[in-house]
Amino acid sequence: MISKIVVYKLDRISRNLLDFTTMYQDFENHKVEFCSVSETFDTSTATGRSMLKISMVFAEMERETIQMRVKDNYYQRIRTDGRWAGGPAPYGFANARTADGKPTLQINEKEIEIVKYIFENYADRANISMGMICRELTEMGYRSRRGNGMFDNITIARVLQNPVYCIADKVLYKYYQIRGIQFLNQEEDWNGTTSAHIVGKRAGNYNVRKYTDLKEQSIYLTNFAGVIDSRAFINVQERLAQNEQIGKNNMPTNMIEFQGLLKCAKCGYAIKMYTKPKLGCYGAKQLHCCDVDLKNVTFDKLREDLRLEIQKNLNTIAMDLVKSASIENKKREQIEELKKEIDNLLEIASKGGEVADLVYEKIEVKQQKINEIELDLFLNKRITDRLHIDYSIPINYSRFTDEQKKAICTVLVQKIRLQENGDMEIEWKI
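Quick caveat: nothing in here was measured; it's all calculated off a predicted structure.

Turning to the nonpolar core, a few remarks are in order. The tendency in soluble globular proteins is for nonpolar side chains to be buried side by side. Counting 52 residues, the largest nonpolar core has Phe 119, Ile 156, Leu 160, Tyr 165 and Tyr 176 as the members making the most contacts within it. Listing elements by their share of this core, those giving two or more residues are helix H2 (46-81), helix H3 (109-124), helix H4 (130-139), helix H5 (153-161), helix H6 (170-178), strand S6 (196-199), strand S7 (218-221) and helix H7 (230-245). Element by element, the count of residues in this core is highest for H3, at seven residues. In terms of nonpolar packing, the next biggest core, distinct from the first, is built from 30 residues, Cys 281, Val 297, Ile 317 and Leu 412 among them.

Our next topic: helix H14 (residues 402-412). Most of H14 sits inside the fold, with eight of its eleven residues counted as buried. The complete set of buried residues in H14 reads Lys 405, Lys 406, Ala 407, Ile 408, Cys 409, Thr 410, Val 411 and Leu 412.

Read across the sheet, three strands follow the order S8-S11-S12 without closing on themselves; strand pairing throughout is mixed. Looking at which strands have only one partner, the edges of the open sheet turn out to be strand S8 (262-264) and strand S12 (424-428). Averaged over all pairs of adjacent strands, the angle between strand axes in this sheet comes to 30 degrees, irrespective of strand direction. Seen against the sheet, H14 touches strand S11 (413-418) and S12 and runs at an angle of roughly 90 degrees to S11.

Moving on, we come to the side chain of Thr 104. Take Thr 104: it is sitting in strand S4 (residues 103-107). Each residue touching Thr 104, except ones within four places of it in the same chain, is listed here: Trp 84, Ala 94, Asn 95, Ala 96, Arg 97, Thr 98, Asn 223 and Phe 224.

So, about the side chain of Arg 307. Of note, Arg 307 is situated in helix H10 (residues 299-322). The residues contacting Arg 307, other than those within four sequence positions of it, are Ile 256, Glu 257, Phe 258, Tyr 397 and Lys 405.

What follows concerns H3. The end-to-end C-alpha distance of H3 is 23 Å, a good match for the 22 Å that 16 residues give at a rise of 1.5 Å each. Taken together, the buried positions of H3 are occupied by Glu 111, Ile 112, Ile 114, Val 115, Ile 118, Phe 119, Asn 121, Tyr 122 and Ala 123.

Another aspect to go through is the pattern of salt bridges. Here the structure, examined in full by the defined rule, presents 15 salt bridges. Its salt-bridge partner being Arg 307, residue Glu 304 comes within 3.9 Å of it at the nearest N-O pair. On the criterion of helical spacing, the pair formed by Glu 304 and Arg 307 is a turn pair, its members being three residues apart in helix H10. By relative accessible area, Glu 304 is classed as partly exposed at 41%. Linking Glu 309 and Lys 312 is a salt bridge whose minimum nitrogen-to-oxygen distance equals 3.4 Å. With Glu 309 and Lys 312 both in helix H10, this residue pair falls three residues apart, about one helical turn. Exposure remark for Glu 309: the relative accessible area of 29% places this residue in the partly exposed category. Salt bridges sharing partners connect three or more residues here, namely Glu 257, Glu 304 and Arg 307.

We now examine the packing of H3 against H4. When two helices pack together, you describe them by how their axes are tilted relative to each other and by the distance separating the axes. Viewed as axis vectors pointing N to C, H3 and H4 meet at an angle of 140 degrees, and their least axial separation amounts to 11 Å. In terms of their interaxial angle, H3 and H4 are classed as oblique. With respect to the hand of their crossing, H3 and H4 are arranged in right-handed fashion. Taking contact as the criterion, the partners of Ile 114, Tyr 117, Ile 118 and Tyr 122 in H3 are, on H4, Met 130, Ile 133, Glu 136 and Leu 137. Considered class by class, the residues forming the contact of H3 with H4 number seven nonpolar, no polar and one charged.

With that out of the way, let us pick up the packing of aromatic side chains. Aromatic ring pairs are reported here in terms of the distance separating the ring centres and the angle at which the planes meet. What the rule picks out here adds up to ten aromatic pairs. Look at Phe 93 and Tyr 165: their rings are 5.7 Å apart centre to centre, the planes differ by 25 degrees, and that puts the pair in the stacked class. Of the two residues, Phe 93 sits in strand S3 (residues 93-97) while Tyr 165 sits in the loop between H5 and H6, which places them 72 residues apart along the sequence. With relative accessibility at 2%, the residue Phe 93 sits in the buried group. With a relative accessible area of 1%, Tyr 165 lands in the buried category. Counting every residue linked through ring pairs, the aromatic cluster contains Phe 93, Phe 119, Tyr 165, Phe 224 and Phe 233. Geometry around Tyr 122 places Arg 239 over its ring, the cationic atom sitting 4.9 Å from the centre.

Parameters at a glance
Residues numbered from 1 in each chain as written. Predicted model: local features only at pLDDT ≥ 70, side-chain atom pairs only at ≥ 80, totals over all residues. Heavy atoms only, no water. Core = buried A, V, L, I, M, F, W, Y, C linked by side-chain atoms within 4.5 Å. Buried < 20%, exposed > 50% of the residue type's maximum accessible area, 1.4 Å probe, protein only. Helix = DSSP H or I, 4+ residues; strand = E, 2+ residues; numbered from the N terminus. Pairing = 2+ DSSP bridges. Axes fitted to C-alpha atoms, helices over the stretch in contact; angles between N-to-C directions. Contact = heavy atoms within 4.5 Å. Expected span 1.5 Å × (residues − 1). Salt bridge = Lys/Arg side-chain N within 4 Å of Asp/Glu carboxyl O. Parallel < 35°, antiparallel > 145°, perpendicular 65-115°, else oblique. Left-handed = near helix turned anticlockwise from the far one by under 90°. Nonpolar A, V, L, I, M, F, W, Y, C, P; charged D, E, K, R; others polar. Phe/Tyr/Trp six-rings, centres within 6.5 Å; stacked < 30°, edge-to-face > 60°. Lys NZ or Arg CZ within 6 Å of the ring centre and 35° of its normal.

Rendered as C-alpha cells:
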C-alpha cells in the first residue's frame, strides 16, 4: 500500500493543471500524502492547496512556452533552407546532405520510376484501384520496402497523398490554399524549382478525413526538386477525395456505375441491391430505422432513368465546352465582382462594432470562392479530362464502357436520393 508520494519538484510529476488536479484528488481519496522535496506546500490548509495549484499553472505555462519555442525554431529552420524535416525518406528517395551539410533527399532512380507509374496510372485510368496497382507492381517484379517486399493499399496511398513528389508551383499553392493549410513560405516562392512537404500532427484519429483535412498542418518548400506535375498530383487528390466519399455498401457488379451514390430520400442510408433486380433501403433492411419499401422499384428501370438524366447533363457540358472562352471570361468577371464585394465588406468592418466578426466571416467565404475560381483557371483543364473521356461532341453516354460510366458518375454526381415511389432527386457536383 502506498502512503506517500515524494517528488523532487512539482513539475516532475505533471505540467498540466487538469491532470494534476485529477491525480491529486485520487491521492486524497486513497489517503496518500504528496510531498515535493524542493517546495513546501501545506496541503492541509486552503492557502497551501491554492499555492500548489498556482505552482501548477506556472509549470503548465512553462511547458507550453517550451513547446512553442521548439516548434517555432523547427519551423524557422525548414522555412529558411527547405531542409528535410526528419525521419525516414519516403519511397523513391534516400536521405542525404546538401553541399553545405543540410538534410535533404536524393532520388532513388529505381524506386522513383515506380512512383511515377503509380501516379500516372491512378490519375489516367478511369476505374483503376490501389489494389489493382499493387497487383500490377508485384506481377512486374517490383518490390516495396516492407519485409515481404509486397505492395499494399497503405503503401500506395502514402505515395499518392505525399506532395514531396510534386513540383511546387503556383497551381499547387492555389490547391493547398483552398484546403486551408498553413503556409511557411510566401506565394512568390512557389516557382516550381522544388517540391513541398507537409508537417504537423494530425488532429484526432489518423484515418479521419485522411485526404481532405489539413487545417491543423503546415506546408513548406523543400531543398530538392519534385518529379510529378502539379496538375497530375491534384487530379489524384480529387480522385482520392471522391473515392473516400463513396461507400462500400453496394457491389459494383450489381450497382454498376451508381455504386455508393444511391441514398434513401427518407433516412439517408444507402440503397442496396439485396435480390437482383430488387432494391432495398439499408436503414430499413438492416438498421430497422426506416419504413421505406422499394418493392415496386427495379434497378433496371431506375438505371435507364438515371442514364437519361446524366445524358442531359453531358449535353449541357458539351454546350459549355463550345462556349469555353465565354465561361473563362465570366469566371474572371466573377472574381472581380467578388473582390468588389470584399472591398465593401472591409469598409463596413473598419467601422468596428458587434457586426465586425460577422462581416469578416463573410469576407473569408468570398475569398475562398475566389481561390477556387482562380485554381480552376490555373488548371485550365476541360471537364472531359476530369471525366476521363475523349473530347468529342456530342458526348454519348451510352457508348462508354462501364468503367468510363463509373468515372463519369463519380465526377458528376454527389448523391441520388430515391423516393419510395421511384421518384429521384440528383445532387450534382457539376
